[in-house]
Amino acid sequence: GAGVSQSPSNKVTEKGKDVELRCDPISGHTALYWYRQSLGQGLEFLIYFQGNSAPDKSGLPSDRFSAERTGGSVSTLTIQRTQQEDSAVYLCASSLGQGAYNEQFFGPGTRLTVL
Amino acid sequence: ELKVEQNPLFLSMQEGKNYTIYCNYSTTSDRLYWYRQDPGKSLESLFVLLSNGAVKQEGRLMASLDTKARLSTLHITAAVHDLSATYFCAGWGAQKLVFGQGTRLTINP
């Protein structure tokens with residue numbers, strides 16, 4: 001079956017522009033996670049959704065970052081007024097349910113470059 | 001707050017040799033995960049370790065978990081070039097995966 005997909009695969013933008021990153025989870029997976037992978041910070045958690053709700057937004061680095069999920073499926077991570085330090089690979093993962101007992105499956109990531 | 005530390009961060013080894021990557025974590029974690037990442041690719045799940053004393057093996061890789069020591073190991077036996085990748089361990093803390101820094105493994109012919 002289809003895995004987690006993300007789009008675009010690569011995004012180059014100018015500092016100050018807004019970007020939207022999309023994640024399509026595996027069908028039937030109710031939990032969805034966003035992570036960021038950067039050279040200086042390693043792999044860090046950003047936000048997760050259970051259904052359409054985001055119980056934990058603690059990992060969002062600033063108020064320029066926001067995310068939503070609609071219909072319990074697709075999620076969009078939006079970064080406003082991008083900065084060079086936002087350059088990273090943004091990974092999405094989904095799982096059948098939330099919690100340690102549900103394996104997360106990762107998408108291919110979106111590589112964001114802010115010039 | 002769960003913290004996960006791996007060592008070494010970089011490992012260069014010869015084909016045919018054995019080596020171990022260590023993963024220490026700071027507080028109780030319900031599970032311990034190992035992932036592989038090839039350059040430019042996403043994370044591939046290797047092992048999920050559920051309880052103290054758990055040992056799992058797949059080919060030349062073997063992972064174990066000691067919850068009392070808060071330590072997991074990934075052992076590589078008779079390394080081959082195809083195992084060159086970055087390996088991450090992760091624990092489960094506060095409703096999310098917490099990753100180690102990753103170990104970049106290079107296996108030379």
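Scroll up for the structure.
Residues numbered from 1 in each chain as written. Chains lettered and ligands numbered in written order. Predicted model: local features only at pLDDT ≥ 70, side-chain atom pairs only at ≥ 80, totals over all residues. Heavy atoms only, no water.

A.B. asks: What's the story with the overall build of chain A in this structure? I'm lost.
C.D. replies: Counting its secondary structure elements, chain A contains 0 helices and 11 strands. For chain A, the N- to C-terminal ordering of α and β elements is β-β-β-β-β-β-β-β-β-β-β. Over its C-alpha atoms chain A spans a radius of gyration of 13 Å, differing by no more than 12% from the 13 Å that the globule rule assigns to 115 residues. Along the three orthogonal principal directions, the C-alpha set of chain A runs to about 40 × 30 × 25 Å. (Helix = DSSP H or I, 4+ residues; strand = E, 2+ residues; numbered from the N terminus. Rg over C-alpha atoms; globule rule 2.2 N^0.38 Å.)

A.B. asks: Before we go on, may I ask you to explain the interface of chain B and chain A in this structure?
C.D. replies: Many structure descriptions define interface size as the accessible area lost when the parts assemble. Listed by partner, the interface residues are 15 residues for chain B and 18 residues for chain A. When the two sides are added together, the surface that chain B and chain A hide from each other amounts to roughly 1,600 Å², 54% of it contributed by carbon and sulfur. Taken together, the links from chain B to chain A amount to 1 salt bridge. The closest approach of N and O atoms between B:K96 and A:D56, which form a salt bridge, is 3.8 Å. Connecting chain B to chain A are 4 residue pairs in polar contact (both at pLDDT 80 or more). For the side of chain B that touches chain A, the elements supplying multiple residues, two or more each, are β4 (32-37), β5 (43-49), β9 (85-93) and β10 (96-99) of chain B. (Contact = heavy atoms within 4.5 Å. Buried area = accessible area lost by both parts, 1.4 Å probe. Salt bridge = Lys/Arg side-chain N within 4 Å of Asp/Glu carboxyl O. Polar contact = N/O pair within 3.5 Å; in protein donor to acceptor, adjacent residues only side chain to side chain.)

A.B. asks: Can you walk me through the sheet that holds strand β8 (residues 75-79) of chain A in this structure?
C.D. replies: Paired through their backbone hydrogen bonds, the strands of a sheet run either parallel or antiparallel. Residue and element names in this part refer to chain A. Spatially, 4 strands are ordered β1-β3-β8-β7 in an open sheet, and the strand pairing comes out antiparallel. The strands lining the two open edges of the sheet, one partner per strand, are β1 (5-7) and β7 (65-69). For this sheet, the mean inter-axis angle between neighbouring strands, taken without regard to orientation, is 15°. Inspection of the sheet shows β1 paired to strand β3 (residues 19-24) by 3 bridges, in the antiparallel sense. (Pairing = 2+ DSSP bridges. Axes fitted to C-alpha atoms, helices over the stretch in contact; angles between N-to-C directions.)

A.B. asks: In this structure, what is going on with the sheet that holds strand β7 (residues 61-66) of chain B? I would like to understand it.
C.D. replies: Residues and elements named next belong to chain B. A sheet is described by the order of its strands in space; here 5 strands give the open sequence β1-β3-β8-β7-β6, paired in antiparallel fashion. Pairing within the sheet leaves two strands with one partner each, and these edge strands are β1 (4-7) and β6 (55-58). Shown here is a sheet whose adjacent strand axes are inclined to one another by a mean of 15°, direction ignored. Relative to strand β8 (residues 71-76), β7 is paired through 6 bridges, and the arrangement is antiparallel. Among the inter-strand pairings, A63 is bridged to a residue of β8, identified as L74.

Keep in mind these numbers describe shape, not what the thing actually does.
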